[in-house]
Amino acid sequence: MTCWYEGPLAAFDTETTGVDVETDRIVSAALVVQDAPGARPRVSHWLVNPGVPVPAAATAVHGLTEDHLARNGRWPAPVMQEIAVGLAEQAAAGRPLVVMNAPFDLTLLDRELRRHRASSLGHWFETVPLLVLDPRVLDKHLDRYRKGRRTLTDLCEHYGVTLEGAHEASADALASLEVIRAIGRRFPSRLARLTPAELHPLQAVWHAAQARGLQAWFARSGSEEAVDPAWPLRPDLPAAA
């Protein structure tokens, strides 16, 4: 029987106006579907005019300027609908969805759906659950004592995955998908016996433990920065923008 990391997978990634999931906006997104390792991926890509200023710091990361998005991006409402439909189709097809640092991208998408569609991400998965695989959570759990950062670029280097065009949504989505396959091959004795449906709730537990550890480290360092333990989606805030 084929292990899940050698089978069909999808991956999702966004580029944004910043790092606050409650107030920042999606400026580009990509959904990559691959039926088997080495198979040609099918890519859906969206460019969004967020309708708000794009800070220079964000442009420095992903290269998308406010002027370029105003001229070439689409309005958010139909894009968020299309993205939600695309993710729901993956769930219906039984394809796990790879999302690097899932609480960031999925919470941003949820807030955009609430903002522009009077909907929510959970609405699309009331009958068929979305099964998420998060490279960051899995890597930190399976290789918890390894030193160093664990950004997508770091994980690609560690697992020997080529990342061309970092901080472009399609490139990052494909790279995160390949990292997940590499993690599976690196730790087959610990992952091959688990299905994505079993891994999904386990990652929620592992992420919460990781968040508590990071929160404790911040406290020892004198930082008041809060770490949200929720995974793969942060709960809605009553005053969300």
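What this report covers is the structure whose coordinates are included nearby. Owing to the predicted nature of the structure, the values given are computational and were not obtained by experimental measurement.

Focus: the packing of helix α5 (residues 135–142) against helix α9 (residues 196–220)
Each pair of packed helices can be described by the angle between their axes along with the distance between the axes. Where α5 meets α9, the axes come as close as 9 Å, and the angle between the chain directions of the two elements is 70 degrees. Overall, the two elements α5 and α9 adopt an arrangement that is roughly perpendicular. Between α5 and α9 the crossing geometry is left-handed. Of the residues in α9, those touching α5 at V137, L138, K140 and H141 are L199, Q203, W206, H207 and Q210. Across the contact of α5 with α9, the residue classes break down as four nonpolar, four polar and one charged.

With respect to the environment of T23
Assignment of secondary structure puts T23 in the loop between β1 (9–16) and β2 (26–34). Given a relative accessible area of 42%, T23 falls into the partly exposed group. The sequence separation of T23 and L108 amounts to 85 residues, and the corresponding C-alpha distance is 8.6 Å.

Quick word on the nonpolar core
If you look at the biggest cluster of nonpolar residues, it comprises 57 residues, and the most contacted ones within it are F12, I83, L87, L109 and L191. If sequence neighbours within four positions are ignored, L109 has contacts with F12, I26, M80, I83, L87 and L121. Within the second largest apolar cluster, six residues are counted, among which are V27, L47, A58 and L69.

Section: the packing of aromatic side chains
Tallied over the full model, the rule gives two aromatic pairs. Taking 5.2 Å as the distance between ring centres and 85 degrees as the angle between the ring planes, the aromatic pair formed by W4 and Y5 counts as edge-to-face. A single burial state applies to W4 and to Y5, both of which are buried.

Section: unusual backbone geometry
For the peptide bond that leads from W231 to P232, omega is 0 degrees, which places it in the cis range. Even without a glycine there, the phi angle at A118 is positive, about 50 degrees. Turning to its location among the elements, A118 is positioned in the loop between α4 (102–117) and β5 (132–133). Taking the relative accessible area as the measure of exposure, A118 reaches 77% and is therefore exposed. Of note, the phi angle at H167 is positive, near 70 degrees, even though the residue is not glycine. Inspection of the secondary structure assignment puts H167 in the loop between α6 (152–159) and α7 (169–186). The class of H167 is partly exposed, set by a relative accessible area of 37%.

Rules used in this analysis
- Residues numbered from 1 in each chain as written.
- Predicted model: local features only at pLDDT ≥ 70, side-chain atom pairs only at ≥ 80, totals over all residues.
- Heavy atoms only, no water.
- Axes fitted to C-alpha atoms, helices over the stretch in contact; angles between N-to-C directions.
- Helix = DSSP H or I, 4+ residues; strand = E, 2+ residues; numbered from the N terminus.
- Parallel < 35°, antiparallel > 145°, perpendicular 65-115°, else oblique.
- Left-handed = near helix turned anticlockwise from the far one by under 90°.
- Contact = heavy atoms within 4.5 Å.
- Nonpolar A, V, L, I, M, F, W, Y, C, P; charged D, E, K, R; others polar.
- Buried < 20%, exposed > 50% of the residue type's maximum accessible area, 1.4 Å probe, protein only.
- Core = buried A, V, L, I, M, F, W, Y, C linked by side-chain atoms within 4.5 Å.
- Phe/Tyr/Trp six-rings, centres within 6.5 Å; stacked < 30°, edge-to-face > 60°.

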